[in-house]
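Overview (structure and organization)
Here are the chains, one letter per residue:
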Amino acid sequence: MAITLQHVRQRLSEPEVDYSAAAELGDDALPHLAELATRSDTVLACKALYLASLIGGPRSTEIIADAAEHDDPIIRIAASAALRNLRQAERTR
């Protein structure tokens, strides 16, 4: 099954996001998470960054680093937290 932007958005729009299940979307979700992280919906952007940090890998790091330069300070804070989460996850591997 191909992962679509709509599928990723639906997972992140749930009131209680199951991030463990959403992370199983894997690398195929990363292009969509990158797009969501740049949108004007701050809550969805922050959720996208967190999910990217759980998926991990070089593309996740790139998405989070780009968000660290976002105009919205809330998204920059979320990027900082996601980067810390990503680094902790990489240390435990």
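Residues numbered from 1 in each chain as written. Predicted model: local features only at pLDDT ≥ 70, side-chain atom pairs only at ≥ 80, totals over all residues. Heavy atoms only, no water.

Some words on the overall build of the protein
Short version of the rule: Each helix corresponds to a stretch of at least 4 residues labelled H or I by DSSP, and each strand to a stretch of at least 2 residues labelled E; elements are numbered beginning at the N terminus. A 1.4 Å probe and the Shrake-Rupley method give the accessible areas. Residues count as covered only by the protein chains that appear here. Only four residue types enter the tally: Lys and Arg on the positive side, Asp and Glu on the negative side; His and the chain ends are excluded. In this description, the location of a charge corresponds to atom NZ of lysine, CZ of arginine, CG of aspartate or CD of glutamate.
The helix and strand tally for the protein stands at six helices and zero strands. For the protein, the spread of C-alpha atoms along the three principal axes comes to 35 × 30 × 20 Å. In the structure as shown, the protein presents an accessible area of about 5500 Å², 50% of it carried by carbon and sulfur atoms. Between the centroid of the 10 positive side chains of the protein and the centroid of its 14 negative side chains there is a distance of 4 Å.

So, helix α5 (residues 58-67)
Put simply, the test is: Burial classification: accessible surface area is computed with a 1.4 Å probe over protein chains only, and a residue below 20% of its type maximum counts as buried, one above 50% as exposed, and the rest as partly exposed. Directions from the helix axis toward the C-beta atoms define the arc.
Among all positions in α5, only Ser 60, Ile 63, Ile 64 and Ala 67 are buried. Looking down the long axis of α5, one finds its buried residues gathered within 95 degrees of arc, a one-sided arrangement. Opposite the buried face of α5, at more than 90 degrees from it, the exposed residues are Pro 58 and Asp 66.

Some words on the environment of Asp 66
Mapped onto the elements of the fold, Asp 66 is located in helix α5. Measuring from C-alpha to C-alpha, the distance between Asp 66 and Arg 76 comes to 9.2 Å, with 10 residues separating the pair along the chain.

Thoughts on the side chain of Lys 47
This is how the line gets drawn: The salt bridge definition used is simple: a Lys or Arg side-chain nitrogen within 4 Å of an Asp or Glu carboxyl oxygen. Contact definition: two residues touch when any of their heavy atoms are within 4.5 Å.
On the secondary structure map, Lys 47 appears in helix α4 (residues 42-55). The buried charged residue Lys 47 lacks any salt bridge partner; its closest oppositely charged side chain belongs to Asp 41, at an N-O distance of 7.9 Å. Those residues within four positions of Lys 47 in sequence are excluded, and the remaining contacts are Leu 12, Glu 14, Val 17 and Tyr 19.

Quick notes on the confidence of the model for the protein
Stated formally: Within a predicted model, pLDDT stands for the predictor's per-residue confidence, ranging from 0 to 100.
Mean pLDDT over the protein: 92, with 94% of residues reaching 70 or higher. Ranking the elements of the protein by mean pLDDT puts helix α6 (residues 73-92) last with 84 and helix α3 (residues 30-36) first with 97.

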